[in-house]
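Each chain is listed here by its residues.
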Amino acid sequence: MMRHRAAMKMLRIASIVAALALCPFAHAATVMDETGRRVFVPDAPRRIVSLAPDISEILFALGLEKEIVGVSQFSDYPDAAKGKPKVGSYVSLSLERILSLSPDLVIGTTNGNRREAVNRLEQAGLNVYVVNPERFSDIYRTIINLGRITGRETAARQLADSMRKRAERIVSRTASCPRPKVFVQIDSHPLVTVGGSTIYSELIAMAGGHNIAARAPGKYPRYNLEALISKQPDVILLSPMVQRASRNGDLDFWSRWQSIPAVRNSRIHLVNADLTDRFSPRIVQGLEEIAGILHPERTGRQRPRECSGRRR
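Basis of the calculations
Within any chain, residue numbers begin from 1 and follow the written order of that chain's sequence. The predicted nature of this model means local features are confined to residues of pLDDT at least 70 and side-chain atom pairs, given and counted, to a pLDDT of 80 or more, with totals for whole chains, interfaces and linings taken over all residues. The side-chain figures draw on all heavy atoms in the structure; neither hydrogens nor water molecules are used. Put simply, DSSP H or I for four residues or longer makes a helix, DSSP E for two residues or longer makes a strand, and each gets a number counted from the N terminus. Whether a residue is buried, partly exposed or exposed follows from its accessible area with a 1.4 Å probe, protein chains only, as a fraction of its type maximum: under 20%, in between, or over 50%, in that order. We call two residues in contact whenever any of their non-hydrogen atoms come within 4.5 Å of each other. Here the open area of atoms and residues is found with the Shrake-Rupley method and a 1.4 Å probe, where only the protein chains shown may cover a residue. We call a set of buried residues a nonpolar core when its members are Ala, Val, Leu, Ile, Met, Phe, Trp, Tyr or Cys and they connect through side-chain atoms within 4.5 Å of each other. Any two strands with at least two DSSP-identified bridges between them are counted as paired. Whether two aromatic rings pair depends on their centres lying within 6.5 Å, for rings of Phe, Tyr and Trp, where Trp uses its six-membered ring; planes under 30 degrees apart make the pair stacked, over 60 edge-to-face, and the rest tilted. As a reminder, the over-ring test applies to NZ of lysine and CZ of arginine, requiring each to be within 6 Å of the ring centre and within 35 degrees of the ring normal. An axis is simply a line fitted to the C-alpha atoms; with a helix, the fit covers only the stretch in contact. Between two such axes, the angle follows the N-to-C directions and lies from 0 to 180 degrees. Relative orientations are named as follows: roughly parallel for angles under 35 degrees, roughly antiparallel for angles over 145 degrees, roughly perpendicular for angles from 65 to 115 degrees, and oblique for any other angle. Handedness of a helix crossing follows the sense of rotation of the near helix relative to the far helix, less than a right angle counterclockwise being left-handed and clockwise being right-handed. Basically, the charged four are Asp, Glu, Lys and Arg, the nonpolar ten are Ala, Val, Leu, Ile, Met, Phe, Trp, Tyr, Cys and Pro, and anything else, Gly included, counts as polar. Predictor confidence is given residue by residue as pLDDT, running from a minimum of 0 to a maximum of 100. Any N or O atom pair separated by 3.5 Å or less is treated as a polar contact, with the protein-specific requirement of one donor-capable and one acceptor-capable atom, and with residues adjacent in sequence counted only for side-chain atom pairs.

Right, let's talk about the overall build of the chain for a bit. Looking only at helices and strands, one finds 13 helices and 14 strands in the chain. The proportion of buried residues among the 312 residues of the chain is 48%. Pairs at least 24 residues apart make up 60% of the contacts formed inside the chain by residues separated by at least 6 positions. Counting only carbon and sulfur atoms, one obtains 52% of the accessible surface of the chain, whose full area is about 16,000 Å².

With that settled, the discussion passes to the nonpolar core. Core analysis: the largest hydrophobic core is formed by 52 residues, its most contacted members being Phe136, Leu237 and Ile283. Discounting chain neighbours no more than four positions away, the residues touching Leu237 are Val182, Phe183, Val184, Gln185, Tyr200, His269, Val271, Ile290 and Ile293. Among the nonpolar cores identified, the runner-up in size contains 16 residues, and Phe183, Leu191, Ile212 and Leu238 belong to it.

A separate point is unusual backbone geometry. Backbone torsion omega between Tyr77 and Pro78 reads -5 degrees, so that peptide bond is classified as cis. If you trace the backbone, Pro78 turns up in the loop between strand E4 (68-70) and helix H3 (79-82). Geometrically, the link from His189 to Pro190 is a cis peptide bond, its omega value of 0 degrees lying close to zero. Secondary-structure assignment places Pro190 in the loop between strand E8 (187-188) and strand E9 (191-192).

Another point: the pairing of strand E2 (residues 38-41). Taking every second residue as pointing to the same face, the buried face of E2 carries Val39 and Val41, while none of Arg38 and Phe40 on the other face is buried. One ladder, built from four bridges, connects strand E1 (residues 29-32) with E2; its direction is antiparallel. In the strand pairing of E2, Thr30 is matched with Phe40. If you look at the hairpin formed by E1 and E2, you'll find five residues sitting between the two strands, and Gly36 has a positive phi there, around 90 degrees.

Before going further, it helps to spend a moment on the packing of aromatic side chains. Under the counting rule described, the total for this entry stands at four aromatic pairs. On the numbers, 5.0 Å between centres and 75 degrees between planes, the contact of Phe253 with Trp254 is edge-to-face. The residues Phe253 and Trp254 share a single accessibility class, namely buried. Sitting over the face of the ring of Tyr140, Arg164 holds its NZ or CZ atom 4.5 Å from the ring centroid. Taking NZ or CZ as reference, Arg282 lies 3.8 Å from the ring centre of Tyr77, over its face.

Running from N to C, helix H7 (residues 153-174) and helix H13 (residues 283-294) cross one another at 15 degrees; their axes reach a closest spacing of 10 Å. Looking at the two axes, H7 sits roughly parallel to H13. Between H7 and H13 the crossing geometry is left-handed. The segment H7 lies against H13, with Met163, Arg166, Ala167, Ile170 and Thr174 engaging Ile283, Val284, Gln285, Leu287, Glu288 and Ala291. Among the residues making up the contact of H7 with H13, the classes are represented as seven nonpolar, two polar and two charged.

What follows covers the packing of helix H8 (residues 199-206) against H13. Across the interface, H8 lies against H13 with an axial gap of 9 Å and an inter-helix angle of 50 degrees. Taken together, the axes of H8 and H13 are oblique relative to one another. In the crossing of H8 with H13, the sense of the turn from one axis to the other is right-handed. Along the contact surface, H8 presents Ile199, Tyr200, Leu203, Ile204 and Met206, while H13 presents Ile283, Leu287, Ile290 and Leu294.

With that out of the way, let us pick up the sheet that holds strand E5 (residues 105-109). Hydrogen bonds between backbone atoms are what pair the strands of a sheet, whose relative direction is either parallel or antiparallel. A sheet is described by the order of its strands in space; here four strands give the open sequence E4-E3-E5-E6, paired in parallel fashion. Edge positions in the sheet fall to E4 and strand E6 (128-131), since each has one partner strand and no second. Going from strand to strand, the sheet's axes swing by 35 degrees on average, the running direction of each strand aside. Pairing analysis gives four bridges linking E5 to E6, with the strands arranged parallel. For Thr109, the partnering residue across the bridge sits in E6 and is Val131.

It is worth spelling out helix H6 (residues 136-149) at this point. Of all 14 residues making up H6, 11 are buried, and the element is well covered by its neighbours. Considered for burial, the residues of H6 that qualify are Phe136, Asp138, Ile139, Tyr140, Thr142, Ile143, Ile144, Asn145, Leu146, Gly147 and Ile149. A positive backbone phi angle near 80 degrees is found at Gly151, which sits one or two residues after H6.

Per-residue confidence for the chain gives a mean pLDDT of 86, with 83% of residues at or over 70. Predicted confidence for residues 1-26 stays below pLDDT 50, and this span has nine contacts to residues more than four positions away or in other chains.

Bringing the side chain of Arg282 into the picture now. Examined against the element boundaries, Arg282 turns out to sit in the loop between helix H12 (274-277) and H13. Polar side-chain contacts of Arg282 include one of 2.8 Å to the side chain of Glu57. Ignoring any residue separated from it by four or fewer positions in sequence, one finds Arg282 in contact with Glu57, Tyr77, Asp274 and Leu275.

Take a look at the structure:
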C-alpha cells in the first residue's frame, strides 16, 4: 500500500512536471531590463508587442514575424510590419488596444515611450521589457538582449557581429581622412540640429566627420544661423525627423548663403532619418551613407574611399 501511494505521488509529480514543460511559461524568469527594472519574461514568448519602430525592426530581423502581434504606429519596415495591428505612437499608446492583443511580452524604449505609459502597462499585469541604447555600441547590446529574452540569442549575436564588422570597416577606412565640418539640419523652422550626446553625432565621427554642434547644449538644440555661418560647415546633411520636408525648399533656403562652403560647393545632402534615428540594424546603413557623403569615391558616393592624410 505504501509503495502504491508513493508510486501514485511520483506519478502526480511527473504529470505536473510534464504539464509545466508544455506551458510557455515553464522556463520563465525574472530578468533585469536595460533601465534596471526587474521584469518577468516567459520562455520563448509567443505574443510580442513592440512599442517603437526600431524595436520592430530588430524583432523582424531576428525572425520573430509570427510572434509579433502588435507594433507602434510608424513601424513600416520591413513591409510585413505594415500589416501588423497598430497600438498607437511612441508617446500616445493605446492601453486598450495592447490589452486586446493578449501579449505575453511588451517591449518598449526610453527613446520615445513615456515612463508613465510603461507604468500603466505594468499595472495592467503586462510584462514590459524596456531597452535603453544611449551610444552606438549599446545597439549591439540591445539586439543581443532582445535575442536572449525571445529565444533568438544565436541569431542576435550573429546579427550584432555582422553590424560591428561593417561599422569597423567604415571607421578604419575614414580614420586617416581629413575631417569635414558637418551640420545636421533636422528642422528648419526653427533651425534644429543634433548635439554631441546623440548617436547621430557619434555616426558623424565614425564616418570621418566633425559635428559643428557637438558642444551645443541638449540632444536637439536650436542653432543660431549666424553661429552656423561662422563655423563654415563643409557639408550640410538634411535629415528631417518628419518625412515631409522639401529638399528643394531647403536648397532654396541655403542658396542665399554662398559664403558657407557646403553651399558654395554643392555639398548639401538628404539623408533618410529612418537610417540614423532608429537604433536598429539599419543604422549601419546610415553610417555607410554618411561616410559615402563625407568621403566619396571618384565614381560615386556608395562607398567611402580609402584616404591618407592628417586628421583634424
